[in-house]
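Residue-level structure breakdown
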Amino acid sequence: MFGRSKAPKALSPREYARQLRDQAYSGVRKTPTPYIGETLGKGDEEERAYEKSKFFQVYLNQLLRGSGFCFDEQESTTCVIDTFDQPDYGRSYLVSYYSLDIGTIEIRLGYDLWEDKDDGELLSLFFDLTKLEFLDYRHAVGLLQQLALAVMPLDDANKDQAEARRLANDYMLEALWENRHDEAVDTWSKDERPHVRATGQFTGPAGHYLHALEHWRKSRDDLLAEPNRDGLPARNKQI
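Helices and strands together make up the secondary structure of the protein chain, namely six helices and seven strands. Scored against the burial criterion, the 239 residues of the protein chain give a buried share of 47%. A separation threshold of at least 6 residues defines the contact pool for the protein chain, and within that pool the share at least 24 residues apart is 66%. Roughly 12700 Å² of accessible area belongs to the protein chain as shown, and the carbon and sulfur atoms make up 49% of that amount.

Two packed helices can be described by the angle between their axes and the distance between those axes. Following both chains from N to C, one finds helix α3 (residues 56–64) and helix α4 (residues 137–151) inclined at 140°, their axes separated by 11 Å at the closest point. The angle between α3 and α4 places the two elements in the oblique class. With respect to the hand of their crossing, α3 and α4 are arranged in right-handed fashion. Of the residues in α4, those touching α3 at F56, Y59, L60, L63 and L64 are G142, L143, Q146, L147, A150 and V151. Among the residues forming the contact of α3 with α4, the class breakdown is nine nonpolar, two polar and no charged.

Below, the discussion takes up the packing of α3 against helix α6 (residues 207–219). Two elements in contact, α3 and α6, have axes whose closest approach is 11 Å; the angle formed by their N-to-C orientations is 85°. In this view, α3 runs roughly perpendicular relative to α6, as classed from their interaxial angle. Contact with α3, carried on its side by F56, V58, Y59 and Q62, involves H208, Y209, A212 and W216 of α6 and no other residues of that element. Tallied by class, residues from the contact of α3 with α6 come to six nonpolar, two polar and no charged.

Strand pairs in the sheet, formed through backbone hydrogen bonds, run parallel or antiparallel to each other. Read from one edge of the open sheet, five strands run β2-β3-β4-β5-β7, paired in antiparallel fashion. Because the sheet does not close on itself, it has two edges, and the strands there are β2 (69–73) and β7 (198–204). Within the sheet, the average angular offset between the axes of one strand and its neighbour, ignoring direction, is 20°. Note: strand β5 (residues 123–129) against β7, seven bridges, orientation antiparallel. What sits directly across from L129, in β7, is A198. On the sheet, helix α2 (residues 44–52) packs against β2, β3 (91–97), β4 (100–109) and β5 and is oriented at approximately 135° with respect to β4.

Our focus in this paragraph is α4. An α-helical segment advances 3.6 residues per turn. Residues three or four places apart therefore align on the same side. For α4, built from 15 residues, the straight-helix expectation of 21 Å at 1.5 Å per residue is met to within 8% by its first-to-last C-alpha distance of 22 Å. With 13 of 15 residues buried, α4 is to be regarded as a mostly interior element. Between a side-chain oxygen at the N-terminus of α4 and the backbone nitrogen of R138 the separation is 2.8 Å; the capping residue is D136.

Cut-offs used in this document
Residues numbered from 1 in each chain as written. Predicted model: local features only at pLDDT ≥ 70, side-chain atom pairs only at ≥ 80, totals over all residues. Heavy atoms only, no water. Helix = DSSP H or I, 4+ residues; strand = E, 2+ residues; numbered from the N terminus. Buried < 20%, exposed > 50% of the residue type's maximum accessible area, 1.4 Å probe, protein only. Contact = heavy atoms within 4.5 Å. Areas by Shrake-Rupley, 256 points an atom, 1.4 Å probe, with all protein chains shown as cover. Axes fitted to C-alpha atoms, helices over the stretch in contact; angles between N-to-C directions. Parallel < 35°, antiparallel > 145°, perpendicular 65-115°, else oblique. Left-handed = near helix turned anticlockwise from the far one by under 90°. Nonpolar A, V, L, I, M, F, W, Y, C, P; charged D, E, K, R; others polar. Pairing = 2+ DSSP bridges. Expected span 1.5 Å × (residues − 1). Polar contact = N/O pair within 3.5 Å; in protein donor to acceptor, adjacent residues only side chain to side chain.

Worth remembering: the numbers are spatial, not functional.
See the structure below:
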């Protein structure tokens, strides 16, 4: 869905690539729409997971807006990222890097098929990110690192950061390899060149996310004030 990009007829492939590059380096970060879903309309377990992830948009925007990222929650609770044996409903967010749209992340009720845990305590974060070749490498890896860290259990901060970084680097290496592989063996032309695309999933109890919410409720409750979705104080929403 996001892996290839064909230049509009009015633009040459070079002009289209320049247009995408300009969007990525515009310096103008998008602002999320003030929307947040309150109910999923499913069973109790699913509703608990949906409520648990209520402020994920605020959390991610607060952490990553300095890098130019914006996470905009969508009204539909039907998820679009293909997964194996997972719920197809949850919270969905469009992701942009400055003015460039780069894909989707989704939060769903989590299932760990390999661990004997209470599924109701887990969240699964799915991501489908593309056009990563237009991002600063540190920002691309930092995005994946924060997504991984968000759902990890809260243990030792330094060890957690190191593990999240390792996972992020693994996904970036895979994305770069697949991109070069597609160019080498797949059928493509200069007007339909494959983008660097990272897809995957992180699952866990979301300890770091919940810890941040607890801290904000005690010291920065303005970050969670309605209808704030950007991780900015309600009294000063200008970037």
